[in-house]
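These are the residues of each chain, in order.
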Amino acid sequence: MDLSIIIVNYCTYELTKQAIKSIISKDHPFQYEIYLVDNASRDGSLEKLQKDFAREEETGLIKFIASTRNNGFAHANNLALKECSARHVLLLNSDTVILNNSLTKCMDYMGVDSSIGALGCKVIIPDGSLDKACRRSFPTFSVSFYRMTGLSRLFPKSKRFGKYNLTYLDENETYEVDSLVGAFMLVRSDAIHEVGLLDEQFFMYGEDIDWCYRIKSSGWKIMYYSGAEIIHYKGGSNNTRDKSRLTTEFYRSMYIFYNKHYRDDYPFIITGITYMGIWGICSMKQILNRLKNII
């Protein structure tokens with residue numbers, strides 16, 4: 001098998017159906033399979049998807065995995081990763097649509113350079129602009145500081161201040177980066193065998209950056225490939241009204257990543273400032289969310 005595609009569904013029936021159709025509606029010059037992991041949805045979406053794609057399930061094109069508990073995005077993907085045997089694996093969000101022959105282009109590009117461990121594409125949000133998360137630098141102390149203080153927004157074309165989302169680079173060019181977004185991440189299986197599965201400490205944010213960090217640290221290239229495009233209905237897969245939970249998980253992922261990869265590289269004072277920054281901003285956003293609900 002050339003490619004295993006993993007899609008995690010959590011109460012996103014229509015979006016998930018649309019994502020699957022954007023794959024199977026096209027002819028691909030390679031063998032592929034789709035793993036649909038349902039993360040304990042409460043809306044009956046798993047049953048509806050199984051009915052919609054019963055023929056594809058019978059032929060083995062789509063394999064369904066039903067998780068009895070929602071233990072997060074990383075855990076759900078790992079359920080499928082443990083079963084995959086293809087040469088490449090694609091993590092694909094349920095709130096995406098693959099455009100034209102982008103999947104074929106990405107597979108072809110991976111085939112050109114065997115040193116590429118993971119490849120991302122040009123990710124477009126519905127208003128036509130670039131999803132900035134699709135090409136990033138690792139969140140070192142300085143890179144995070146420029147982003148949190150707003151310097152990255154004030155000077156997006158600065159190589160120094162715009163480093164987090166690489167806003168100084170042309171989105172229509174192809175180049176090596178530090179990190180990609182988990183909404184579309186094509187990974188070589190050899191790299192996965194070397195670095196291991198996604199880290200399940202991360203519930204729904206940060207697991208993609210952590211994976212890229214481990215892949216790149218092992219000597220593989222992480223590539224942003226502008227020759228292929230998808231649409232990302234950003235936030236659609238985060239099907240929850242609990243903004244407080246989302247906010248907490250976002251900043252908790254920052255805390256986990258820093259502790260795992262950077263804490264030993266910085267002096268105590270920098271670590272203290274980092275912790276205060278993470279949880280201080282988290283607390284401020286929680287307060288603002290509550291005020292919005294009251295108003």
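Residues numbered from 1 in each chain as written. Predicted model: local features only at pLDDT ≥ 70, side-chain atom pairs only at ≥ 80, totals over all residues. Heavy atoms only, no water.

**With respect to the overall build of the protein**
Check the secondary structure of the protein and you find 11 helices and 9 strands. Considered along the principal axes of its C-alpha atoms, the protein spans approximately 60 × 50 × 35 Å. Looking at the protein as a whole, 53% of its 295 residues are labelled buried. For the protein, restricting intrachain contacts to residue pairs at least 6 apart in sequence, the fraction spanning at least 24 positions comes to 81%. As displayed, the protein offers around 14100 Å² of accessible surface, 52% of which is attributable to carbon and sulfur atoms. A gap of 7 Å separates the mean positions of the 36 positive and 34 negative side-chain charges of the protein. (Helix = DSSP H or I, 4+ residues; strand = E, 2+ residues; numbered from the N terminus. Buried < 20%, exposed > 50% of the residue type's maximum accessible area, 1.4 Å probe, protein only. Contact = heavy atoms within 4.5 Å. Areas by Shrake-Rupley, 256 points an atom, 1.4 Å probe, with all protein chains shown as cover. Lys, Arg positive; Asp, Glu negative; His and termini not counted. Charge placed at Lys NZ, Arg CZ, Asp CG, Glu CD.)

**Brief notes about the pattern of salt bridges**
The full count for this structure, using the stated rule, is 15 salt bridges. The salt bridge partner of Lys234 is Asp131, with a shortest N-O separation of 2.7 Å. A residue pair is termed long-range when its members are at least 10 positions apart, and Lys234 in the loop between β9 (221-232) and α10 (243-261) and Asp131 in the loop between β6 (116-124) and α6 (141-148) qualify at 103 residues. Accessibility expressed as a relative area gives 53% for Lys234, which makes it exposed. (Salt bridge = Lys/Arg side-chain N within 4 Å of Asp/Glu carboxyl O.)

**Notes on the pairing of β9**
Within a regular beta strand, the side chains point alternately toward one face of the sheet and then the other, so they alternate between its two faces. Note that strand β5 (residues 96-98) and β9 share 3 bridges and pair antiparallel. Counted as the bridge partner of Ile98 is Ile230 from β9. When β6 meets β9, the two strands line up parallel, connected through 8 bridges. Residue pairing for β9: Lys122 is matched across the bridge by Glu229. Across 2 bridges, the pairing between strand β7 (residues 175-176) and β9 is antiparallel. Its bridge partner lying in β9, Glu176 is registered against Met223. (Pairing = 2+ DSSP bridges.)

**Details of the packing of helix α9 (residues 207-217) against α10**
Viewed as axis vectors pointing N to C, α9 and α10 meet at an angle of 20°, and their least axial separation amounts to 10 Å. In terms of orientation, α9 and α10 fall into the roughly parallel class. Both α9 and α10 take part in a crossing whose hand is right-handed. Mapping the contact onto sequence places Ile209, Asp210, Tyr213 and Arg214 in α9 and Phe257, Lys260 and His261 in α10. Among the residues forming the contact of α9 with α10, the class breakdown is 3 nonpolar, 1 polar and 3 charged. (Axes fitted to C-alpha atoms, helices over the stretch in contact; angles between N-to-C directions. Parallel < 35°, antiparallel > 145°, perpendicular 65-115°, else oblique. Left-handed = near helix turned anticlockwise from the far one by under 90°. Nonpolar A, V, L, I, M, F, W, Y, C, P; charged D, E, K, R; others polar.)

**Structural notes on a positive patch on the surface**
A surface patch of like charges, here positive, comprises Lys132, Arg147, Arg153, Lys243, Lys285 and Lys292. Structurally, the position occupied by Lys243 is in helix α10. Judged by relative accessible area, which is 56%, Lys243 ranks as exposed. (Patch = residues over 30% accessible without salt bridge, like charges linked within 9 Å, V, L, I, M, F, W, Y side chains within 5 Å.)

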